[in-house]
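# Architecture at a glance
So you can see what is in the structure, the chains are spelled out below.
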Amino acid sequence: MTTLTLGKALNTGLRKAMEDDPKVVLMGEDIGKLGGVFRITDGLQKDFGEARVVDTPLAEAGILGTAVGLAMRGYRPVVEIQFDGFVFPAYNQIVTQVAKIHARSRGRLPMPITIRIPFGGGIGAVEHHSESPEAYFAHTTGLKVVAVSNPSDAYWMLQQAIASPDPVVFFEPKRRYWDKAEVDLEATPPPLFSSRVVRAGDDVTLLAYGPMVKTALQAAEAAAEEGRSLEVIDLRTLSPLDLGPVEESVRRTGRCVVVHEAQTNLGLGAEIAARVTETCFHSLEAPVLRVGGYDVTYPPSKLEEEYLPDLDRVLHVVDRSMEF
Amino acid sequence: MTTLTLGKALNTGLRKAMEDDPKVVLMGEDIGKLGGVFRITDGLQKDFGEARVVDTPLAEAGILGTAVGLAMRGYRPVVEIQFDGFVFPAYNQIVTQVAKIHARSRGRLPMPITIRIPFGGGIGAVEHHSESPEAYFAHTTGLKVVAVSNPSDAYWMLQQAIASPDPVVFFEPKRRYWDKAEVDLEATPPPLFSSRVVRAGDDVTLLAYGPMVKTALQAAEAAAEEGRSLEVIDLRTLSPLDLGPVEESVRRTGRCVVVHEAQTNLGLGAEIAARVTETCFHSLEAPVLRVGGYDVTYPPSKLEEEYLPDLDRVLHVVDRSMEF
Amino acid sequence: MTALGEMVDPVPGAGAPHLPAQPDLVQLLTPEGERVEHPDYAIDVTDDELLSLYRDLALVRRWDVEATALQRQGELGIWASLLGQEAAQIGAGRALGAQDMAFPTYREHGVAWARGVDPLHVISLFRGNDLGGWDPLATKFNLYTVVIGAQCLHATGYAMGIQRDSGTAGGDGAAIAFLGDGATSQGEVNEAMIWAATFDAPVVFFCQNNQYAISVPIERQSKVPLFRRAAGFGFPGVRVDGNDVLAVLAVTRAALARAREGSGPTFIEAFTYRMGAHTTSDDPTRYRLADELEEWKLRDPIARLKAHLSRSGKADADFFASVEAEGDELAVRIRKGTLEMPDPAGTEMFDHVYAEQTDEIAAQRAEFLAYQEGFAS
Amino acid sequence: MTALGEMVDPVPGAGAPHLPAQPDLVQLLTPEGERVEHPDYAIDVTDDELLSLYRDLALVRRWDVEATALQRQGELGIWASLLGQEAAQIGAGRALGAQDMAFPTYREHGVAWARGVDPLHVISLFRGNDLGGWDPLATKFNLYTVVIGAQCLHATGYAMGIQRDSGTAGGDGAAIAFLGDGATSQGEVNEAMIWAATFDAPVVFFCQNNQYAISVPIERQSKVPLFRRAAGFGFPGVRVDGNDVLAVLAVTRAALARAREGSGPTFIEAFTYRMGAHTTSDDPTRYRLADELEEWKLRDPIARLKAHLSRSGKADADFFASVEAEGDELAVRIRKGTLEMPDPAGTEMFDHVYAEQTDEIAAQRAEFLAYQEGFAS
Ligand SMILES: Cc1ncc(C[n+]2csc(CCOP(=O)(O)OP(=O)(O)O)c2C)c(N)n1
Ligand SMILES: Cc1ncc(C[n+]2csc(CCOP(=O)(O)OP(=O)(O)O)c2C)c(N)n1
Ligand SMILES: [Mg+2]
Ligand SMILES: [Mg+2]
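Residues numbered from 1 in each chain as written. Chains lettered and ligands numbered in written order. Predicted model: local features only at pLDDT ≥ 70, side-chain atom pairs only at ≥ 80, totals over all residues. Heavy atoms only, no water.

### Some remarks on the interface of chain A and chain C
Tallying the contact residues gives 43 residues for chain A and 40 residues for chain C. Between chain A and chain C the total buried area reaches about 3600 Å² when both faces are included, carbon and sulfur atoms providing 59% of it. Scanning the region where chain A abuts chain C turns up six salt bridges. Put simply, R275 of chain A and E360 of chain C hold a salt bridge, and the shortest N to O gap is 2.9 Å. (Contact = heavy atoms within 4.5 Å. Buried area = accessible area lost by both parts, 1.4 Å probe. Salt bridge = Lys/Arg side-chain N within 4 Å of Asp/Glu carboxyl O.)

Rendered as structure tokens:
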């Protein structure tokens, strides 16, 4: 057992992946000499050299497009997008190439590319630095999408994503980079594409991922004090979804609330609501409810606390669920 | 009354918009001399000149980015994306600029840009020519998104979209370009952001938009022969959604099925299911069900008929809804 | 200020591009079939090579004509003809070594041919049977890329992989990206050149300037000759007569050699003309004059080599007849193969989305099968 | 092949950029403050103009220093310092005419100043109060654009609008896009140049090559001087000493005049140095040597003009004292204004998403208010 921040766990996981497989190549803006603006790649260029940790020109399409070529040549590129809001110049390469080449080639050209994206708000930043674009990727066939919430998952899931033969968009909860927890570096991790019950409960099933898992757990804590029992599930994988544990839970609780920072409209909560309602229709005592960002432009940072779901807003919606 | 194909109705609508407002400027690849690969802009460059109908360099980000600048200078750019699958090079400009500039400037910089996108499959084309990317835009705060299904809406909604002070992504059902209908050029059209009941019914509420409205109507016809009454609603607007008529209907029918060509996962059907379930929870006798494209890469054209929802698949899901 | 030079590009719409008057154009075979020398691009070709180049040119044209006919008869969804661009493609394709990897657009049937890709594998894509049927790694010919320009970054990344594999700059083999004149306006294409320059990547950008991007003439993409673009990024650009298979071969060979030896990228502008429509869906009479095509016919890439071979006595009537016979056989094989091509199974679409199948798609596949069986019964 | 020329860029990390040794660099004032002439860029400035240029340089530096302090004290979320780039920005900003429209990145506080934007409006953005508080149309200074390079296409489009408004190429006014050295690698930036060239748009691309994109040195973006890029697209590029406010003024004026008269775009590379951190979140000691900064201090843009003014007797101690006093006042005003800035209302976020509010957002706004009231009660 080692105590690691989430950021350091990612760094350690990257290091391990690079040691395990010489074909792993890291690419991104400022990831080499600087070690990344969040220092997630700190020290890696020094130890693995410039050929394996590449400070790229300032062009996200370039990063993803060359990653495709490297993948065709047998490499496993792990690319860093500096902030969530800067992935869009690469969107064409991701959606029309990375996501499609396996199908286009009928499996002859696997695309084992990991796209690391620090996401979410709450760090007081300027425009484009606080967004939650995961639904854009989850809606894209051919990509797999995961989000980590804690140091242990950060360490393991990153290695699993890199080892995956498919392209994985890997969301890191930037405002939790400094959160610490024990990480068992010898453990056998759960499968990458699985969700997990992180707190058992009976009254309402609460789903979250990434930065909102902590918020959901806090909400469950607070609810418990008022005698209400929330089961919290960390989705971990956003595409494919692993709704088995969710359905099992909802069949017991009859109520389900999904939390995410992303705009509510067509966010992950929409898909989950649609599926869970279909599979658990006769068990539901209330509609699946969503607590998400408002459907507005991400506001200036002085307003982000009012924009982002927090413990109170979660409990408020849990209350609404109970009222049905 | 005039009989027009959907494509000709768009062309006529564009001409009218250009006559009405000298600030309307058309931009796109091959829209001038050629009149567009679907001839939607046929004859317009000849009549309005090269300054107002611009054959652009081959660069979609360039088209959208310069449209932003033109809008700042007081123009109303109407841009054509040649095919759905080619909008992604422009995605950064659309998502981070077009959609955000109004909010960024607190209303000082309106972005009256219309982005025309021929969408959907069924025309036997090669890769990237048959996609349904509407959810990517509907999930993007700051954009408005509509889809037309018939010549009359094509004529009116295009003019309304161009007149809108907000950016509108305007989806055209390319496989219906050749469908003909009567268009009343003197009518008072319904508001742009409104849905519409196109066939009344009692048993199941069937929602569709764009090319699938025709399919839904055919399904309703076929169902009627078997004594089942489907109410068909043409959504017309995908963001904002206009669910008033839908809820009114679902409260009567207790059942709702959404049809679209787009991949089902996180498609428009997901959001509609989530919302309708929330607002009509106690009226629903079955979960809102979806008939969409499979969650696979858009297949080669020999398989598209099996991929796309058709009359039979719609009826199959209507049956499933009735079985709940 | 940087002087821009005085050279003005010929305007295709305004009459004939005056190739011989272009001072920068590399040419080894005149339109009349006369062999000329170029100080930078000496080439040593045996007579056999010349004959086999001719054979390639003639056969890919025959393939192309047959595919167009098949499309007209409803057997293909669409066809993108290479008519007029045979020399550019065969010249480039034949310059490639076994270790080199090619990244085509959707029109490089000539390069496919030179790489040994079965024409039927190309045909099946345009028929709508698959999204790319050949083995891109075995043939060293990537799948066709329809999104304009996207492949240029792939080629550059692949070239960066070559560098890493060999441990030395350049390494063994090079990558070659094909692109059109229209593609040069895409941001990604320019990024590819920037990356290639920065990393000295062993990649060649081979641009077929066929004067049009569908209906849009080259002047809308660039007011100066395209090959000049490269210097702005810090690497050499060269304009070659794209209808001269020898010149293309020589220029591409030199660029590939330069790349392989670690000296970085080269941009080649093959100045040519799309003699047919953009695709079978296109109607070029809407945007260009018949005269222009007539002018270009005088520079036909195949006629030019034929004239050279005949006049120099390197080939006789028997040779040309034998190539024609071979073309006939090829056409028959293509037609027969197309008509006999089995339709893909519906389940195909579920089977290659991921390397590791998801439960979700597996479930949809099962649902699909059950639904299909419902109809069968 | 196109010759690439022999000039090699100075490598910032490897010691001092040898400005005087750059043959293409336009300079009118040496680092020592000596006035020199340039054959292409004569400039006629009155003494008053020189003094007012000095005042601008000094005041924006003072503003910048104060903002950095405010950030350190927790009053701003972040600050992007212009330290070292004052001459580039004031030179360009002062070159603008009333009809010209500027498209900044996030660092052009000097241009904002020259356009008359209230520093507090810039501060409020970095404080997190808004996403851009000034009136971009009234000030003819667009809002800051954080997505690297996106504004270059906006400027080009705006310039196309100018052309249409006047009915003649060039029309009245021009657009100017600011961009960094790093930004030159973005596809969109290259597209902007392609469009500008194609349409002869009245736009100037003003690139501050401050040697770094955060930690990444210029050599990663281009191995040849950036100003050369333009020739590849077919328009002139020029490299100016970015720490020489006179040279920048002269070069930018000439480029704007050229644009206005319908002769199309120009690319200006202002060769300068970011003397501070990338932003207050950055730690430049991780990627560059102290030596380098020391070298550049010798070329400080303000000291240079000060030396010139002093030595030539155009300004005396009183003048410099008065500017300093004015700076103190400005700093006080900025500090006071920042501390007194009211927080935005929560409902603000619902009010400007669209020009025509949607029912959906109106409903969320109402929900938000009800929820907030629930807490208040
Ligand atoms: C990103 C993108 N935008 C638009 C298209 C539609 N399109 C297909 S071919 C073409 C013209 C390409 O011109 P060029 O690059 O000169 O190649 P050519 O067809 O002449 O060989 C266009 C606009 C596309 N395939 N991809
Ligand atoms: C598209 C995009 N990618 C990444 C970033 C993060 N980022 C902010 S500033 C910067 C470096 C910019 O360098 P340069 O263009 O030289 O401008 P400078 O900051 O030196 O003025 C980066 C990478 C961004 N803002 N936008
Ligand atoms: Mg072309
Ligand atoms: Mg910089």
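Now that the structure is up, let's keep going.
### Some thoughts on the site of ligand 1
Near ligand 1 there are 20 residues, and of these E60 of chain B together with Y106, R107, V146 and G182 of chain C occur at the shortest range. Each of chains B and C places residues near ligand 1. Here an oxygen atom of ligand 1 sits 2.8 Å away from a polar atom, N or O, in the side chain of D181 of chain C. For ligand 1, an oxygen atom lies 2.9 Å from a polar atom in the backbone of Y212 of chain C. (Near = heavy atom within 4 Å. Polar contact = N/O pair within 3.5 Å; in protein donor to acceptor, adjacent residues only side chain to side chain.)

### Structural notes on the relation of the copies chain A and chain B
Each of the two chain copies can be generated from the other by rotation about an axis followed by a shift along it. Aligned on chain B, chain A shows an RMSD of 0.0 Å; the corresponding rotation is 180° and the shift along the axis is 0.0 Å. In the structure described here, the two chain copies are related by an operation that fits a two-fold rotation axis. Mapped onto chain B, 100% of the interface residues of chain A again fall at the interface, so both copies present the same surface. (Least-squares fit on C-alpha atoms with pLDDT ≥ 70 in both.)

### Some details on the domain arrangement of chain A
Residues and elements named next belong to chain A. Split into domains, chain A comes out as domain 1 (2-183) and domain 2 (196-323). Here the C-alpha centroids of domain 1 and domain 2 sit 26 Å apart. Roughly 1900 Å² is buried in total at the junction of domain 1 and domain 2, and carbon and sulfur atoms are behind 50% of that figure. The largest contributions to the domain 1 side of the interface with domain 2 come from E134, R175 and R176, which together make up 22% of the buried area. Inspection of the region where domain 1 meets domain 2 yields four salt bridges. Taking the shortest distance from any N to any O, the salt bridge between D179 and K214 comes out at 2.9 Å. Between domain 1 and domain 2 we count 15 residue pairs in polar contact (both at pLDDT 80 or more) in total. Broken down by secondary-structure element, the contributors of at least two residues to the side of domain 1 that touches domain 2 are α6 (134-138), β6 (144-147) and α7 (151-163). Of all the elements, β6 adds the most residues to the side of domain 1 that touches domain 2, at four residues. (Domains from an automatic or database assignment. Helix = DSSP H or I, 4+ residues; strand = E, 2+ residues; numbered from the N terminus.)

### Observations concerning the coordination of the magnesium ion (ligand 4)
Residue and element names in this part refer to chain D. Distances from the magnesium ion (ligand 4) to its protein donors, namely D181 (OD), N210 (OD1) and Y212 (O), fall within the range 2.0 to 2.1 Å. Ordering the donors of the magnesium ion (ligand 4) by residue number gives the pattern D-x28-N-x1-Y. N210 sits in the buried class, given a relative accessible area of 5%. (Donors = N, O, S within 2.8 Å, 3.2 Å for Na, K, Ca; no water. Buried < 20%, exposed > 50% of the residue type's maximum accessible area, 1.4 Å probe, protein only.)

### Re the packing of helix α1 (residues 47-72) of chain C against helix α12 (residues 317-340) of chain C
The axes of two packed helices give the description: the angle between them and the distance between them. Residue and element names in this part refer to chain C. Orientation of α1 relative to α12, taken along the N-to-C sense of each, is 35°, at an axis distance of 9 Å. Handedness of the α1/α12 crossing: right-handed. Residues L51, Y54, R55, A58, L59, R62, W63, E66, A69 and L70 of α1 pack against F319, F320, V323, E324, E326, G327, D328, L330, A331, I334, R335 and T338 of α12. Here the residues of the contact of α1 with α12 are counted per class, giving 13 nonpolar, two polar and seven charged. (Axes fitted to C-alpha atoms, helices over the stretch in contact; angles between N-to-C directions. Left-handed = near helix turned anticlockwise from the far one by under 90°. Nonpolar A, V, L, I, M, F, W, Y, C, P; charged D, E, K, R; others polar.)

### Overview of the sheet that holds strand β14 (residues 289-293) of chain A
Residue and element names in this part refer to chain A. Pairing in this open sheet of five strands is mixed, and the strands run β9-β11-β10-β13-β14 from one edge to the other. Unpaired on one side and paired on the other, β9 (196-199) and β14 mark the two borders of the sheet. Here the average twist between neighbouring strands, direction ignored, is 30°. The strands touched by helix α8 (residues 212-225) are β9, β10 (204-208), β11 (230-234) and β13 (256-263); relative to β11, the strand with the most contacts, the crossing angle is about 170°. (Pairing = 2+ DSSP bridges.)

### Quick word on the environment of Q263 of chain A
Summarising the element assignment, Q263 of chain A is placed in strand β13. A residue is classified by how much of its surface remains accessible, and Q263 of chain A, at 15% relative accessible area, is buried. Distance in space between the C-alpha atoms of Q263 of chain A and P133 of chain A is 8.9 Å, their sequence separation being 130 residues. Beyond its immediate sequence surroundings of up to four residues, Q263 of chain A is in contact with G293, Y294, D295, V296, Y298 and Y307 of chain A together with H139 and T141 of chain B. Reaching out from Q263 of chain A, the side chain makes a polar contact with the backbone oxygen of V296 of chain A at a distance of 3.0 Å.

### A short note on the pairing of strand β14 (residues 289-293) of chain B
Residue and element names in this part refer to chain B. Among the five residues in β14, five count as buried, and that is most of the element. As defined by bridge partners, strand β13 (residues 256-263) adjoins β14 across four bridges and the pair is classed as parallel. Across the sheet, the residue bridging to V257 is L289, located in β14. Each parallel crossover has a hand, and the one from β13 via helix α10 (residues 268-279) to β14 is right-handed. (Right-handed = clockwise from strand over helix to strand, strands pointing away.)

### A look at the site of ligand 2
The full set close to ligand 2 counts 20 residues, and E60 of chain A together with Y106, R107, G182 and Y212 of chain D are the nearest of them. The local environment of ligand 2 is shared, drawing residues from chains A and D. In the environment of ligand 2, an oxygen atom lies 2.8 Å from a nitrogen or oxygen atom belonging to the side chain of D181 of chain D. In isolation ligand 2 offers 580 Å² of accessible surface; the protein chains occlude 96% of this area. (Areas by Shrake-Rupley, 256 points an atom, 1.4 Å probe, with all protein chains shown as cover.)

### Things to note about the nonpolar core
Core analysis: the largest hydrophobic core is formed by 184 residues, its most contacted members being F137 of chain A, L64 and F137 of chain B, F205 of chain C together with F205 of chain D. Discounting chain neighbours no more than four positions away, the residues touching L64 of chain B are V79, I81, A90, Q93, I94, V98, I113 and I115 of chain B. (Core = buried A, V, L, I, M, F, W, Y, C linked by side-chain atoms within 4.5 Å.)

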